[in-house]
Structure formats: C-alpha cells, structure tokens
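Commentary on secondary and tertiary structure
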Amino acid sequence: MTLTTQKTPRYFALIPAAGVGARMAADAPKQYLPISGKPMLRHTIDAFLSSELISHTYVVVSPGDGHIDAVAPDGAVTVLRCGGATRMESIRNGLQALSDTIASDDWVLVHDAARPGLDAALIEKLITTVGADPVGGLLARVEGLSNPEGWGAWSDGPAVRLHFAKPLPQKLNILLRANAFPPKTGQEFVLVVGGKRR
C-alpha cells in the first residue's frame with residue numbers, strides 16, 4: 001500500500017504594475033499617484049504584506065521603471081522587471097518568471113496595482129471561500145476530464161466542457177493551458193463559447 005500526502009497549497013500575490021498611465025496624463029504612472037499619503041501601489045503591497053496567508057508578494061514592473069525602488073519595501077517583496085505592453089502580458093510574464101517557484105497546487109492571487117481597496121480581511125475571505133476549490137469556484141462542473149492529479153488531468157473523451165458557476169462578462173480573457181501527447185500532437189482544437197466557434 002502506498003500512502004500519499006496532499007501538500008497544503010501556498011498563496012502568492014502577483015501585482016501587475018507596469019502601466020505607464022498614458023490616459024491619466026500625470027507626472028507619474030497611475031499606480032504611483034498618492035492616496036492618503038502613500039502611492040496606490042503601496043496600499044496594495046501593504047494589504048498583501050498584512051495577510052498571514054500570503055507566502056510572498058511579487059510586483060511586476062516595466063524593465064525601465066524608475067519609481068518602484070522608492071515604493072517597494074526592501075526584502076519584503078520581490079520586484080520582477082518583466083512587465084509587458086498590456087496588463088495581460090505583464091501577468092503572463094510574471095507567471096512565467098514564477099514558474100520554477102510555485103508548485104502545481106499553489107495559488108497565485110493577481111491584484112491590480114491601481115486598485116487600493118484591498119485589505120487582509122478581503123484576502124482571507126477570498127482564500128477561505130474558494131481556496132479549497134480546485135478551480136477557485138469559477139466552474140460549476142467539468143465534463144470530459146479525469147480526476148485531477150498533482151500535475152493536472154487527462155481528457156477522457158473527444159470533448160471537454162466547462163460549465164461556469166455564474167454568467168461570464170461580455171469581455172473576458174481565459175488562458176487554457178494544455179499539453180498534447182501522441183497521437184494528438186499537432187492537431188487543431190475548436191473552442192466553442194456561447195455557441196460561437198473560435
């Protein structure tokens with residue numbers, strides 16, 4: 001008989017903060033503008049640092065960011081200078097930079113730098129509400145996948161269907177990560193959302 005133990009997931013914070021604030025026409029990017037005596041970004045950083053549930057906080061900035069060193073507390077957060085041209089690129093680059101740090105059962109909480117209304121109580125509520133759910137409460141059910149294992153799940157049929165717990169917004173970015181194995185390698189797949197084929 002083989003016994004396996006499930007590792008307790010860790011929770012990491014990833015704060016995309018690579019924006020240049022072009023629409024604001026201010027002297028500094030939006031995330032560095034002050035609110036109640038400190039930059040918006042620092043409010044977000046402080047919220048994650050105040051939560052005992054967060055293992056570590058990462059901030060994604062553009063490679064040439066000249067403001068972050070004055071805002072990020074030394075040693076308390078890790079600055080990733082891999083920000084992209086869009087928020088999604090910055091998130092993707094940040095997750096890629098963390099790929100050797102986080103385990104498959106760890107969670108990465110992404111929170112925008114310019115949304116300073118976060119606090120430790122909201123972080124705890126999020127983690128305790130959806131932290132034990134394998135998909136964070138986003139999906140009501142999944143059809144066509146085997147039982148999840150540490151590395152992921154096999155598809156066990158010709159189609160995988162994701163049934164979302166709530167209606168999706170009009171505009172949504174979804175990242176699906178999948179690996180193909182022979183004989184399926186190189187074959188195209190069809191994504192159908194709301195009856196529309198993509």
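Residues numbered from 1 in each chain as written. Predicted model: local features only at pLDDT ≥ 70, side-chain atom pairs only at ≥ 80, totals over all residues. Heavy atoms only, no water.

With that settled, the discussion passes to the sheet that holds strand E6 (residues 107-110). The 4 strands are arranged E5-E4-E1-E6 in an open sheet whose pairing can be described as parallel. Lying at the two open borders of the sheet, with one neighbouring strand each, are strand E5 (77-80) and E6. If you compare each strand with its neighbour and ignore which way they point, the axes differ by 25° on average. Running over the sheet, helix H3 (residues 87-97) touches strand E1 (11-16), strand E4 (54-60), E5 and E6 and is turned about 140° from E1. (Pairing = 2+ DSSP bridges. Helix = DSSP H or I, 4+ residues; strand = E, 2+ residues; numbered from the N terminus. Axes fitted to C-alpha atoms, helices over the stretch in contact; angles between N-to-C directions. Contact = heavy atoms within 4.5 Å.)

As a further point, take H3. Of all the residues in H3, the buried ones are Ser90, Ile91 and Gly94. What you see down the axis of H3 is that its buried residues fit within an arc of 100°, all on one side. Of the residues in H3, the exposed ones pointing more than 90 degrees away from the buried face are Arg92 and Gln96. Summarising the contacts, the buried residues of H3 are in contact with E1, E4, E5 and E6. (Buried < 20%, exposed > 50% of the residue type's maximum accessible area, 1.4 Å probe, protein only. Arc of directions from axis to C-beta.)

We now examine the environment of aspartate 69. In this fold, aspartate 69 is placed in helix H2 (residues 68-71). Judged by relative accessible area, aspartate 69 falls into the exposed class, the value being 59%. Considering only alpha carbons, one finds aspartate 69 and valine 79, 10 residues apart in sequence, at a separation of 8.8 Å. A polar atom in the side chain of aspartate 69 sits 3.3 Å from the side chain of arginine 81. (Polar contact = N/O pair within 3.5 Å; in protein donor to acceptor, adjacent residues only side chain to side chain.)

Among the nonpolar cores identified, the biggest contains 22 residues, and Leu41, Phe48, Ile54 and Val59 are the most heavily contacted of them. Every element with two or more residues in this core is listed here: E1, helix H1 (40-49), E4, H2 and helix H4 (120-130). In terms of residue count, the dominant contributor to this core is H1 (4 residues). Grouped together as the second largest cluster of nonpolar side chains are 7 residues, Tyr58, Val60, Ile91 and Leu98 included. (Core = buried A, V, L, I, M, F, W, Y, C linked by side-chain atoms within 4.5 Å.)

Glancing now at H1. In terms of burial, H1 is a largely internal element, 7 of the 10 residues being buried. Restricting attention to buried positions, one finds in H1 the residues Met40, Leu41, His43, Thr44, Ile45, Ala47 and Phe48.

Interpretation in functional terms is not warranted from these geometric data alone.
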